[in-house]
Each structure stands twice: as C-alpha cells, then as structure tokens.
Amino acid sequence: MSVVRPVTLVTGAAGGIGAALARRLAAGHDLILSGRNVGALEALCAEVGGAALVLDLTRPESFADALAGVARVSNVVHNAGVVELGAVAEQGHGVWSHTLAVNVVAPAELTRLLLPRVRAERGSVVFVNSGAGLRANAGWGSYAASKFGLKALADALREEEAGAGVRVSSVYPGRTAT
C-alpha cells in the first residue's frame, strides 16, 4: 500500500524562512515552491525535489492561470512578504498599495483559489505573519497595517473553514536574519 504524501505550497520559498521551511518539509511532503528569485527557487527545487511555481504577487489576477495545472494542494504556507519602512508622513500611495497587495491581497486570492483543494484534503493554511501584526511601531505603519490585515484574514478564514476541517494557523516570528 502506498502512502499519499501531502502536497504543500510555500510562497516566499526562494530564501530565508521559506527556504528553511522547504528543507524541513521535504522529507514528508511533495512541495510546490513559489518565490521571486527564479534562480534561487530553481536551485532549491533541485535540492529538495520540489516543483517551482512562478507567481507575481502583485498580479493576483494571474494566479488562476498559474494554478491551472496544480491538481492537489493539502497545505498552503503564506510566507512571502515585503517591507519598506518609513514614517506614515513619508510613504506615498505606491508603497502602501504594493505592501498591501503582496502581504494581504495576494494571500487572500491565493487562498480563495486553492481552498477547494485544501478542503478536499482537510488540510491547513498557515500564515507566516510578524510581530508587527500584533503591535505597530513608529516607522512601520504600512508593514504593520498589512500584517494586521493578514491577521484579520487568518482569523476570519479560521472561523469560516472550521466546519470544513481546514486548519488555519498564524505564526508571528520576530526579526529574522534572512
């Protein structure tokens, strides 16, 4: 009898926490790894045996086509994120739009599109948040707002999907040397 391994999609897998997660998960999961540094992503896929998935997190309208060939997804780890620090008085619309798009809108749309597959597997959605998702400090306004939004997304999803057997978790790492 063969064992069916979970299929886990990790965003932001090309470096830092995402690459470390991929290495840890490789022994027991089939991996779909997404990241913006294609060279680093391909090298990691060669190392851990995962499949690369190129997504532009600023263009969620492109996700459906990118995911068309993905049959199974048991777990989604939303690890990708961007940060540009600065005072609210100094950060314009572009910084806010980009930060919110990558850190909140992209995970929401990716989750929406993958949810039927995750439900079928009774899988998990994990949001790698930040300590800034619990407390905002001066100079961290746009980033903290996006991470508070990510917390709200996770909290709502957790309540909505509890009856479907989907587990939703958030982790809040502090500063990490990536």
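Residues numbered from 1 in each chain as written. Predicted model: local features only at pLDDT ≥ 70, side-chain atom pairs only at ≥ 80, totals over all residues. Heavy atoms only, no water.

Engineer: I keep staring at helix α1 (residues 16-25) and nothing clicks. Help me out?
Structural biologist: Each turn of an α-helix holds 3.6 residues, which means side chains three or four residues apart point in the same direction. Listed in full, the buried residues belonging to α1 are Gly18, Ala19, Ala22 and Leu25. The buried side chains of α1 occupy one side of the element, clustering within an arc of 130° when seen end-on. Here the buried face of α1 lies against β1 (7-10), β2 (30-33) and α2 (38-48). (Buried < 20%, exposed > 50% of the residue type's maximum accessible area, 1.4 Å probe, protein only. Helix = DSSP H or I, 4+ residues; strand = E, 2+ residues; numbered from the N terminus. Arc of directions from axis to C-beta. Contact = heavy atoms within 4.5 Å.)

Engineer: I tried to follow the sheet that holds strand β5 (residues 124-128) on my own but got confused; where do I start?
Structural biologist: The strands making up a sheet associate through backbone hydrogen bonding, with each pair oriented either parallel or antiparallel. Read from one edge to the other, the open sheet built from six strands follows the order β3-β2-β1-β4-β5-β6, with strand pairing classed as parallel. The sheet is open, and its two edges are formed by β3 (51-52) and β6 (167-171), each paired on a single side. Direction of pairing for strand β4 (residues 75-78) relative to β5: parallel, over a ladder of four bridges. Bridged to His78 within β5 is Phe127. Sheet strands in contact with α2 are β2 and β3, and its direction is about 175° off that of β2. The strands touched by helix α5 (residues 141-161) within the sheet are β5 and β6, with β5 carrying the most contacts at an inclination of about 165°. (Pairing = 2+ DSSP bridges. Axes fitted to C-alpha atoms, helices over the stretch in contact; angles between N-to-C directions.)

Engineer: Mind showing me how you'd approach the pairing of β5 here?
Structural biologist: Within a regular strand, side chains alternate between the sheet's two faces. Along β5, four of the five residues are buried, which leaves the element largely enclosed by surrounding structure. Regarding topology, helix α4 (residues 93-121) serves as the crossover connection from β4 to the parallel β5, and that connection is right-handed. Two strands pair when backbone bridges link them, and β5 and β6 are joined in this way by five bridges, in the parallel orientation. Residue pairing for β6: Ser124 is matched across the bridge by Arg167. In terms of handedness, the path from β5 via α5 over to β6 forms a crossover that is right-handed. (Right-handed = clockwise from strand over helix to strand, strands pointing away.)

Engineer: Help me understand the pattern of salt bridges, please; the structure alone is not making it clear to me.
Structural biologist: Oppositely charged side chains can pair when the atoms bearing their charge come close. All chains considered together, the criterion is met by eight salt bridges. Between Glu61 and Arg59 there is a salt bridge, with its nearest N and O atoms 3.3 Å apart. Taking the relative accessible area as the measure of exposure, Arg59 reaches 41% and is therefore partly exposed. Between Asp155 and Lys151 there is a salt bridge whose closest N-O contact spans 2.6 Å. Remark: Lys151 and Asp155 occur in helix α5; sequence separation between them is four residues, near one turn of the helix. Given a relative accessible area of 27%, Asp155 falls into the partly exposed group. The structure contains a network of salt bridges with shared partners spanning Lys151, Asp155 and Arg158. (Salt bridge = Lys/Arg side-chain N within 4 Å of Asp/Glu carboxyl O.)

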